[in-house]
Amino acid sequence: AEPRLVAARATRISERLTLLIFRDITERERVEEMRRDFVANTSHELKTPVGAVLLLAEAIESAADDPDQVRHFAVRLGAEANRLAGLTSRIMSLSRLQAADELNENRRVSVDEVVASAMDAHALQADSARVEVQRGGDRRLYVQGDMQVLSEAVGNLLANAIAYSPAGSSVGIGVRAVGDVVEIAVTDRGIGISEADQQRIFERFYRADQARSRRTGGTGLGLSIVKYAVQRHGGEVRLWSRPGRGSTFTIRLPLVEAPEDQSRPKKPTR
Ligand code: ADP
């Protein structure tokens, strides 16, 4: 080949390499910045319940000769400790999902089992909130990934749908295939989310209405976990909501073939 052409080609290749390396550095900087923010937010969020636990322990100590008071503070201490435990486990989930390592598992997963396990995990919550969970749709669809992570994601949507719904209402979970995508839609007829909040609720620790969310014991981490879990599976989350009407969160994941032993059409028809 002509030397000039070779030189031009070499220049192009090296430009492309520089670009790649540059992109890699900015990506690493972005991840590092995210990590720093996360640590800062986390320490801030942990301060409140830890402070409450310390105060309640002191209150118990100074109320020692009043059994009723001791009992009262002990119950509140238990509640705060529970909240702290929930917060810690969510922080762990989120930081695992944000770490660059591979998912624990990467196998074919039945969406039906994902939904069933999420419903199991929140059956008590639904009962005590007097919200009925109704499932529907295609029960023979499969995706690729980590069963545990996916059912936690669907579970978080379900937990929110129940928490932000009035007693006596129902929440729906529907599964269907749209082309080569599986959609898992969680629909409630609850309080809904304003347009401004819709832009922000997937951010870590963000809660639409502080007072209201605190009353339901939220952490503001549920939807970030959903977002990262779904992203790690090559999918996305969509949201439709209207204040006072309700919300639908839809997880969309790449569809994979059903196992051979299942007699079903190769391409889903719905
Ligand atoms: P939280 O633990 O506070 O529920 P999430 O990250 O799961 O945290 O949700 C963030 C915020 O988004 C909630 O505090 C709530 O204000 C709003 N939200 C989430 N799901 C719903 C829903 N189904 N209906 C109304 N608001 C919701």
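In this numbering scheme, every chain counts its residues from 1 along its sequence in written order. In view of the model being predicted, local features appear only for residues whose pLDDT reaches at least 70, and side-chain atom pairs are presented and counted only at 80 or more, with totals across whole chains, interfaces and linings using the full set of residues. Side-chain measures here rest on the full set of heavy atoms in the structure, leaving out hydrogens and waters.

- Taking an unreviewed UniProt entry as the reference, the chain is identified by name as Sensor-like histidine kinase SenX3 belonging to Microbacterium lemovicicum.
- The annotation that UniProt attaches to the chain under Subcellular location (unreviewed entry) is "Cell membrane".
- UniProt positions are given in the numbering used here, feature names are shortened, and annotations may be inferred rather than shown by experiment. Recorded in UniProt for the chain, the comment headed Catalytic activity (unreviewed entry) runs: "ATP + protein L-histidine = ADP + protein N-phospho-L-histidine."

**So, the site of the ligand**
Thinking step 1. We call a residue near a given molecule or strand whenever any one of its heavy atoms falls within 4 Å of it. In the region of the ligand, 21 residues are neighbours, and Asn-160, Tyr-164, Asp-188, Thr-219 and Leu-223 sit closest.
Thinking step 2. For the purposes of these results, a polar contact is taken to be a pair of N or O atoms within 3.5 Å, where, inside protein, one atom must be able to donate a hydrogen and its partner to accept one; residues adjacent in sequence count only when each atom of the pair is a side-chain atom. Taking Ala-208, its main chain carries an N or O atom lying 3.0 Å from an oxygen atom of the ligand.
Thinking step 3. In isolation the ligand has 520 Å² of accessible area, and contact with the protein removes 98% of it.
Thinking step 4. Buried and open spaces are told apart on a 1 Å grid over the protein atoms alone, a cavity being a set of points where a 1.4 Å probe fits but cannot get out and a pocket being an open set with protein on both sides within 12 Å along at least five of seven lines. Residues with an atom within 4 Å of a point are the lining residues. Criterion for pocket placement: a molecule counts as inside a cavity or pocket if more than half of its atoms are within 2 Å of its grid points. With respect to the detected pockets, the ligand is housed in the largest pocket. Accessible surface is estimated by sampling points in the Shrake-Rupley manner with a 1.4 Å probe; for residues, cover comes only from the protein chains shown.

**What to know about the nonpolar core**
Thinking step 1. Buried Ala, Val, Leu, Ile, Met, Phe, Trp, Tyr and Cys residues form a nonpolar core when they are joined through side-chain atoms within 4.5 Å. Summary of the burial criterion: residues with accessible area below 20% of their type's maximum are buried, those above 50% are exposed, and those between are partly exposed, where the area comes from a 1.4 Å probe applied to protein chains only. Counting residues in each nonpolar core, the largest one holds 47 residues, and the members touching the most others are Val-111, Val-182, Ile-184 and Ile-251.
Thinking step 2. Listed by contribution, the elements that provide at least two residues to this core are helix H1 (3-62), helix H2 (67-98), helix H3 (111-121), helix H5 (147-163), strand S4 (170-178), strand S5 (181-188), helix H8 (222-232) and strand S7 (246-254).
Thinking step 3. In DSSP terms, a helix is any run of H or I states spanning at least four residues, a strand is any run of E spanning at least two, and both are numbered starting from the N terminus. Ranked by residue count, the leading element in this core is H5, at eight residues.
Thinking step 4. By the convention used here, residues are in contact when the closest approach between their heavy atoms is within 4.5 Å. If we skip the residues at most four places from it in the chain, Val-182 touches Val-111, Leu-141, Tyr-142, Val-143, Val-175, Arg-176, Ala-177, Ile-251, Arg-252, Leu-253 and Leu-255.

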